[in-house]
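Structural description and commentary
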Amino acid sequence: MTGRTDLKMRYLEEEYKALTIIGEQTANSITLVQRKTDRKIYVKKQISLEVVTVYNSLKNIVNRNMQRIYDVASDGKKGIVIEEFVNGITLAEYMEQAGILKEAEVCAMILDLCNALAQIHSSGIV
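Helix and strand content of the chain: four helices and five strands. Helices and strands in the chain line up, N terminus first, as α-β-β-β-α-β-β-α-α. By principal-axis analysis of the C-alpha atoms, the chain measures approximately 55 × 35 × 30 Å. Out of the 126 residues in the chain, the part that is buried amounts to 29%. When contacts within the chain are restricted to residue pairs at least 6 apart in sequence, those whose partners lie at least 24 apart make up 43%. Entry remark: accessible area of the chain is about 8800 Å², with carbon and sulfur atoms responsible for 55%. Measuring between centres, the 16 positive side-chain charges of the chain sit 8 Å from its 16 negative side-chain charges.

As structure tokens, this is what we get:
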């Protein structure tokens, strides 16, 4: 499994320029990156080997309620995921600004969430 996967890891490491770290956990980091060829902004995650297969499955899902996974690679020690950068605010920030949400708005959010979960489930992930 080495060789080809090592080349893909190296390609992903070299193709994206780090802009800023946006999250850091013990073994994993989340970095805002810019692709050198098209200058678009993406998110790069360092992931453990245990979840590489999950991300490879998520890569095949296109759903407006989920961040798009563009690429996944591993080298036998760690993995890298390149995913869509979604600029916006969190639900908590939205609720702080909007105040108490209307029932119809909450129902729409829950339906969007269920739609994404149904697609994940039909892919055999959940």
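In this section: the packing of aromatic side chains. One pass over the structure, following the stated rule, counts two aromatic pairs. With centroids separated by 5.6 Å and ring planes inclined at 85°, the aromatic side chains of Tyr16 and Tyr42 adopt a geometry described as edge-to-face. Residue Tyr16 is located in strand S1 (residues 16-24), and its partner Tyr42 is located in strand S3 (residues 41-47); the two are separated by 26 residues in the primary sequence. Take Tyr16 and Tyr42: they sit in the same class, and that class is buried.

Our next topic: the environment of Arg35. Assignment of secondary structure puts Arg35 in strand S2 (residues 29-35). Taking the C-alpha atoms as reference points, Arg35 and Ala98, separated by 63 residues in sequence, lie 35 Å from one another. Arg35 has contacts with Tyr11, Glu15, Tyr16, Lys40 and Tyr42, leaving out every residue within four places of it along the chain. There is a polar contact of 3.3 Å between the side chain of Arg35 and the side chain of Thr37.

Parameters and conventions
- In this numbering scheme, every chain counts its residues from 1 along its sequence in written order.
- Whole-chain, interface and lining totals are the exception, using all residues; otherwise, since this is a predicted model, local features are given only for residues with pLDDT of at least 70 and side-chain atom pairs are given and counted only at 80 or more.
- Water and hydrogen atoms were dropped before computing side-chain values, which therefore reflect all heavy atoms in the structure.
- For the purposes of this entry, the term helix denotes a DSSP run of H or I that reaches at least four residues, the term strand denotes a run of E that reaches at least two, and both are numbered from the N terminus.
- Only protein chains enter the accessibility calculation, which uses a 1.4 Å probe; a residue is then buried when its area is under 20% of its type maximum, exposed when over 50%, and partly exposed in between.
- Contact criterion: two residues are considered in contact whenever any of their non-hydrogen atoms come within 4.5 Å of each other.
- Here the accessible surface of atoms and residues is derived via Shrake-Rupley with a 1.4 Å probe, and residues count as covered only by protein chains that are part of the display.
- Counting rule applied: Lys, Arg positive; Asp, Glu negative; His and chain ends not counted.
- One atom stands in for each charge, and that atom is NZ of Lys, CZ of Arg, CG of Asp or CD of Glu.
- Note on aromatic contacts: the rings of Phe and Tyr and the six-membered ring of Trp form a pair at centre separations within 6.5 Å, being stacked when their planes are under 30 degrees apart, edge-to-face when over 60 apart, and tilted otherwise.
- Within 3.5 Å is the distance limit for a polar contact, defined as a pair of N or O atoms, with the added protein rule that one can donate a hydrogen and the other accept it, and that residues adjacent in sequence qualify only through two side-chain atoms.

Just geometry here; none of it tells us what the structure is for.
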